[in-house]
Amino acid sequence: SAVISQKPSRDICQRGTSLTIQCQVDSQVTMMFWYRQQPGQSLTLIATANQGSEATYESGFVIDKFPISRPNLTFSTLTVSNMSPEDSSIYLCSVARTGANTEAFFGQGTRLTVV
Amino acid sequence: AQSVTQLDSQVPVFEEAPVELRCNYSSSVPPYLFWYVQYPNQGLQLLLKYLSGSTLVKGINGFEAEFKKSETSFHLTKPSAHMSDAAEYFCAVSDSGGYNKLIFGAGTRLAVHP
């Protein structure tokens, strides 16, 4: 298994500002992902955080809005830039190891409210 | 592209009644399928997964699911609901054969009534 710590757990931010969310894992993992869960909706993959290289973004998400860092195999950050009320969501970090019978583990999420 | 459809946004049941949460998927390759549960204000927890082999998969908390290729379904069932089962349930399919990057259904909220 993997224990994931996400910080902050929640925040209220002013529009136009930026927030950086941290994801720390208790062991090295191959894959790290960032998801968004908008109010009352399902999870949507934002990007795959690649260690030592630029993140791979899904359709509809861009690096300028959601810059991601992954300096090592246990840590990643997601920044929500120039926030608007539409960015109010839960942002979840997910990790997995490659290989047979692995699974994706999720952090408890960061609940972001933009006012 | 792969997709997941959860046919019911909300399922109400009485305590000790059977539960069925429906999930249909679309995939051009053999899918890896998952059910996750999300309790209020918490992250996601894996209930069970189907990767290959036996089509009837048993998970935690008494849940199980059956992979039916002919029906492209992976419905989640439990013989008897407990109040503690009240939560949001998400069906997911892996993308491009790599079962770490997940595509989620819209979710089904299970409401358990006494």
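A. Region of the structure containing the overall build of chain A. Helix and strand content of chain A: zero helices and 11 strands. When the helices and strands of chain A are listed from N to C terminus, the series reads β-β-β-β-β-β-β-β-β-β-β. Compactness check: chain A gives a C-alpha radius of gyration of 13 Å against a globular reference of 13 Å for 115 residues, within 12% of the reference. By residue count, 50% of the 115 residues in chain A fall in the buried class. Put simply, of all contacts in chain A between residues at least 6 apart along the chain, 54% involve residues at least 24 apart. In chain A, 8 positive and 8 negative side-chain charges are present, and the distance between their average locations comes to 6 Å.

B. Just the sheet that holds strand β8 (residues 75-80) of chain A, in detail. Residues and elements named next belong to chain A. Strand order in the open sheet made by the four strands is β1-β3-β8-β7, with antiparallel pairing throughout. Sheet topology places β1 (4-7) and β7 (68-72) at the edges, where each strand pairs with a single neighbour. Taken pair by pair, the neighbouring strands of this sheet meet at an average axis angle of 15 degrees, ignoring direction.

C. Region of the structure containing the layout of surface pockets. The volume enclosed by the largest pocket comes to roughly 580 Å³. Taken together, 32 residues form the lining of the largest pocket, with Gln37, Ile90 and Arg111 of chain A together with Gln38 and Asn41 of chain B sitting closest to its centre. Broken down by element, the lining of the largest pocket gets its largest block of residues, four residues, from strand β11 (residues 110-114) of chain A. Looking at side-chain class alone, the lining of the largest pocket contains 10 nonpolar, 18 polar and four charged residues.

D. Highlighting unusual backbone geometry. In this structure, the amide linkage connecting Lys7 of chain A to the following residue, Pro8 of chain A, adopts the cis form with an omega of -10 degrees. Tracing the backbone through its elements, the reader meets Pro8 of chain A in the loop between β1 and β2 (10-13). One non-glycine residue, Asn82 of chain A, adopts positive backbone phi at about 45 degrees. Within the fold, Asn82 of chain A resides in the loop between β8 and β9 (89-96). For Thr72 of chain B, which is not a glycine, the phi torsion comes out positive at approximately 45 degrees. Mapped onto the secondary structure, Thr72 of chain B falls in the loop between β8 (64-68) and β9 (73-78).

E. View of the side chain of Ser89 of chain A. Structurally, Ser89 of chain A is set in strand β9. Judged by relative accessible area, Ser89 of chain A falls into the buried class, the value being 4%.

F. Examining the state of the cysteines more closely. Residues and elements named next belong to chain A. As enumerated under the stated definition, the model contains two disulfides over all chains in all. Disulfide pairing is shown between Cys23 and Cys93; the S-S distance is 1.9 Å. Between Cys23 and Cys93 the sulfur-sulfur dihedral comes to about -65 degrees; the bridge is accordingly left-handed. Highlighted residues: Cys23 in strand β3 (residues 19-25) and Cys93 in strand β9, separated in sequence by 70 residues.

G. Examining the interface of chain A and chain B more closely. Contacts between the two partners involve 24 residues from chain A and, on the opposite side, 17 residues from chain B. Carbon and sulfur atoms make up 51% of the area that chain A and chain B hide from each other, which totals about 1,600 Å². At the junction of chain A with chain B, the criterion picks out zero salt bridges. For the side of chain A that touches chain B, the elements supplying multiple residues, two or more each, are β4 (31-37), β5 (43-49) and β9 of chain A. A per-element tally of the side of chain A that touches chain B places β4 of chain A first, with four residues. In the side of chain A that touches chain B, the residues fall into 10 nonpolar, 10 polar and four charged.

So, how was this worked out
Residues numbered from 1 in each chain as written. Chains lettered and ligands numbered in written order. Predicted model: local features only at pLDDT ≥ 70, side-chain atom pairs only at ≥ 80, totals over all residues. Heavy atoms only, no water. Helix = DSSP H or I, 4+ residues; strand = E, 2+ residues; numbered from the N terminus. Rg over C-alpha atoms; globule rule 2.2 N^0.38 Å. Buried < 20%, exposed > 50% of the residue type's maximum accessible area, 1.4 Å probe, protein only. Contact = heavy atoms within 4.5 Å. Lys, Arg positive; Asp, Glu negative; His and termini not counted. Charge placed at Lys NZ, Arg CZ, Asp CG, Glu CD. Pairing = 2+ DSSP bridges. Axes fitted to C-alpha atoms, helices over the stretch in contact; angles between N-to-C directions. 1 Å grid on protein atoms, 1.4 Å probe; cavity = no way out; pocket = protein on both sides within 12 Å on 5 of 7 lines; lining within 4 Å. Points joined across faces, edges and corners; volume = space filled by probe spheres on them. Nonpolar A, V, L, I, M, F, W, Y, C, P; charged D, E, K, R; others polar. Disulfide = S-S within 2.5 Å. Buried area = accessible area lost by both parts, 1.4 Å probe. Salt bridge = Lys/Arg side-chain N within 4 Å of Asp/Glu carboxyl O.

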